[in-house]
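Structural overview for review
The chain contents come next:
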Amino acid sequence: MTAAASGAPSVDDRPERNDSSERDDGPEQTVRICTVINDAEHTEDVPVRMHVADFLRQRLGLTGTHVGCEQGVCGMCTVIVDGEAVKGCLMLACQLDGRSVRTVEGLAHDDQLDDLQNAFSTHHALQCGFCTPGFLMTATALSYQGGCPDRHAITEEISGVLCRCTGYAPIVAAIEDYFANRKDGPSE
Ligand code: FES
Ligand code: FES
């Protein structure tokens, strides 16, 4: 049976396919935000669909925050927002308005590594550089909770950061060592 005989529209009768890749949505809407990044205030107009990791990397040049899966799985984009570990690919930059962010660039002070970074160095837990910031920021956020987490709590916490090429033993040892020797409290 032909299309005409069945009553279905012929190919020529069908409306043109709406291809979103060719659609002109006009300029992307932006929102002004005021946020504190590593103790410095920033006021920026950000596209409403830009996520935090892209904002940090592209707007502020803070390229220590990496982008891997962009689906909240790999943890490469982990930063701390108001004291909690956040996947930067799952949060919009416009949501940073009025909030405080710490990235891996904010850990060292006066070119001196902080205690957690030193523990990573001591235990050879600094690995490829792509995953390390995610581990550091996740462990730093854990330190803000206070107390001294045991090995199980540490492994649970860092399970949200995926290293695809090596073991986690030096990383866990470094974090354990850091908590065992920590003298000060949360230091954000
Ligand atoms: S890039 Fe954000 S979790 Fe993978
Ligand atoms: S992903 Fe960084 S060492 Fe494997």
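Described in the following lines is the structure provided in the data block. Everything numeric in this text was worked out from a predicted model, so none of it was measured.

A few points about the sheet that holds strand β3 (residues 78-81)
The strand order across the open sheet built from five strands is β2-β1-β5-β3-β4, with neighbouring strands paired in mixed fashion. Because the sheet does not close on itself, it has two edges, and the strands there are β2 (40-47) and β4 (84-87). Pairwise comparison of adjacent strand axes, ignoring direction, gives a mean angle of 40 degrees for this sheet. Where strand β1 (residues 30-37) meets β2, eight bridges bridge the pair, whose relative direction is antiparallel. Looking at β2, one finds that isoleucine 33 is bridged to glutamate 44. Of the strands in this sheet, β3 and β4 touch helix α4 (residues 132-144), which is tilted by about 30 degrees from β3.

What about the nonpolar core?
Formed by 41 residues in total, the largest nonpolar core has its most connected members in Val52 and Leu136. Going through the elements one at a time, α2 (52-59), β3, β4, α3 (115-122), α4, α5 (151-158) and α6 (169-181) are the ones with two or more residues in this core. Split by domain, this core shows at least three residues from each of two domains, domain 1 (30-106) and domain 2 (115-181). Non-local contacts of leucine 136, meaning those with residues more than four positions away in its chain, are made with Val104, Leu107, Leu116, Gln117 and Phe120.

Details of the pairing of β4
Looking at chain direction, β3 and β4 are connected through four bridges and run antiparallel. Along β4, the bridge assignment pairs valine 79 with valine 86. Here β3 folds back onto β4 in antiparallel fashion, the turn holding two residues, of which aspartate 82 has a positive phi close to 50 degrees.

Examining the environment of valine 36
With respect to the secondary-structure elements, valine 36 resides in strand β1. By the C-beta count within 10 Å, which is 15 here, valine 36 ends up partly exposed. Measuring from C-alpha to C-alpha, the distance between valine 36 and aspartate 82 comes to 9.9 Å, with 46 residues separating the pair along the chain. With near-sequence residues (within four places) excluded, valine 36 lies in contact with Glu41, Ser100 and Val101.

Reading guide: rules and limits
- Residues numbered from 1 in each chain as written.
- Chains lettered and ligands numbered in written order.
- Predicted model: local features only at pLDDT ≥ 70, side-chain atom pairs only at ≥ 80, totals over all residues.
- Pairing = 2+ DSSP bridges.
- Helix = DSSP H or I, 4+ residues; strand = E, 2+ residues; numbered from the N terminus.
- Axes fitted to C-alpha atoms, helices over the stretch in contact; angles between N-to-C directions.
- Contact = placed C-beta atoms within 7 Å.
- Core = buried A, V, L, I, M, F, W, Y, C linked by C-beta atoms within 7 Å.
- Buried ≥ 20, exposed ≤ 12 C-beta atoms within 10 Å, placed from the backbone.
- Domains from an automatic or database assignment.

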